[in-house]
Amino acid sequence: MGGFLPWRWKVFEPQRVSWRGGGIAAFMLTREPLYFPNAALEPHILPVNRRAGWIEVICGSMFSGKTEELIRRMKRARFARQRVEIFKPAMDTRFSSEEVVSHDASSLQSTAVTTSSEILLLATESDVVGVDEGQFFDADLPRVVQELARSGKRVIVAGLDQDFKGQPFGPMPELMAVAEYVTKLHAICLVCGAPANHSQRLAEGSERVLLGAVDAYEPRCRECFRPDASEK
Ligand SMILES: [Zn+2]
């Protein structure tokens, strides 16, 4: 991981700053919020010389921009010459089996895997491990990403936090619990314009996964969400 200068300043003991005005400088140097008010939103800016990595979760409803946010973070890491790798479940065949594609078509190469434990074998050379569509992975994914983080990797998981009935989706709730950073994104309710937390299914059917059917959903707020509407 690359260093970031102001964090390195912290290695100086305050009493070592002995020149005039040093007291004020030492006070300022030990107050990170002055320099990083967005540290929670920009978790790549972290202290150097750490052995463990960490876990970031990007969650929200459909059309909330989760994959775009994952790609944004991965591209910035790649720009910093960190080795990045994105994994997604093999079942997600919406657009391309090679790339993680968000709705705005900015994409990164990705690897499709059938089980989460494959990620452990394939990500050994990566500094930053991205996981898209985390909700479709098996229940082992939380253990896998914790092992990756313990081995020093930054892990970023994007996924739906709720299914079309408003129920917590797959391994996402457990991932949110064990992650250092959770970013919950919102879409805009198509009925009333409020921030949308739910994915409303418009097509009929009670199966949880309706793949390749992006048109079958729209974002809705709590007030406009009708979890049983698709079962009529
Ligand atoms: Zn609404």
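Reading guide: rules and limits
Residues numbered from 1 in each chain as written. Predicted model: local features only at pLDDT ≥ 70, side-chain atom pairs only at ≥ 80, totals over all residues. Helix = DSSP H or I, 4+ residues; strand = E, 2+ residues; numbered from the N terminus. Buried ≥ 20, exposed ≤ 12 C-beta atoms within 10 Å, placed from the backbone. Contact = placed C-beta atoms within 7 Å. Core = buried A, V, L, I, M, F, W, Y, C linked by C-beta atoms within 7 Å. pLDDT = per-residue confidence, 0-100. Arc of directions from axis to C-beta. Expected span 1.5 Å × (residues − 1).

(A) Representation of the overall build of the chain within the structure. Across its full length, the chain holds 7 helices and 11 strands. Burial status across the chain gives 34% buried among its 232 residues. For the chain, contacts bridging at least 24 residues in sequence account for 71% of all contacts bridging at least 6.

(B) View of the nonpolar core. In terms of nonpolar packing, the biggest core is built from 40 residues, with Met74, Val145, Val155 and Val157 touching the most fellow members. Looking at this core, the elements that each hand over two or more residues are β1 (54–60), α4 (66–79), β2 (84–89), β5 (128–131), α6 (141–150), β6 (154–160) and α7 (172–178). Beyond its immediate stretch of four places on either side in the chain, Val157 contacts Val57, Val131, Gly134, Val145 and Leu175.

(C) How the structure looks around the environment of Cys189. With respect to the element layout, Cys189 can be found in the loop between β8 (187–188) and β9 (195–196). Judged by the 22 C-beta atoms lying within 10 Å of it, Cys189 falls in the buried class. Expressed as a C-alpha distance, the spacing of Cys189 and Ser199, which sit 10 residues apart in the sequence, is 9.5 Å. Those residues in contact with Cys189, other than ones at most four positions away along the chain, are Ala194, Ala196, Pro219, Arg220, Cys221 and Cys224.

(D) How the structure looks around the confidence of the model for the chain. Residues at a pLDDT of 70 or more form 68% of the chain, whose mean pLDDT is 81. Here residues 1–18 is modelled with pLDDT under 50, and outside its nearest four sequence neighbours on either side it reaches 19 contacts, counting other chains as well.

(E) Representation of the environment of Leu141 in the model. Here Leu141 is to be found in helix α6. It is 8.5 Å that separates the C-alpha atoms of Leu141 and Thr115, two residues lying 26 residues apart in sequence. In this structure Leu141 touches Ser116, Gly134, Pro171 and Leu175, once residues within four positions along its chain are discounted.

(F) Spotlight on α6. Burial in α6 covers these residues: Leu141, Pro142, Val144, Val145, Leu148 and Ala149. All buried residues of α6 lie within an arc of 160 degrees about the axis, which places them on one face of the element. For α6, the secondary structure elements touched by its buried residues are β1, α5 (117–122), β5, β6 and α7. Positive phi shows up at Gly152, right after α6, with a value of about 105 degrees.

(G) Representation of α4 within the structure. Between its terminal C-alpha atoms α4 stretches 20 Å, which fits the 20 Å expected from 14 residues at 1.5 Å a residue. All buried positions along α4 are accounted for by Lys66, Thr67, Leu70, Ile71, Arg73, Met74 and Ala77. Along α4, the residues classed as buried sweep out an arc of 165 degrees about the axis, all on the same side. Arg81 sits one or two positions beyond α4 and adopts a positive phi of about 65 degrees.

(H) The arrangement of the environment of Ala77 in detail. Following the sequence through the fold, Ala77 ends up in helix α4. Residue Ala77 is classed as buried on the basis of its 21 C-beta neighbours within 10 Å. Residues Ala77 and Asp127, 50 residues apart in the sequence, show an inter-C-alpha distance of 8.9 Å.

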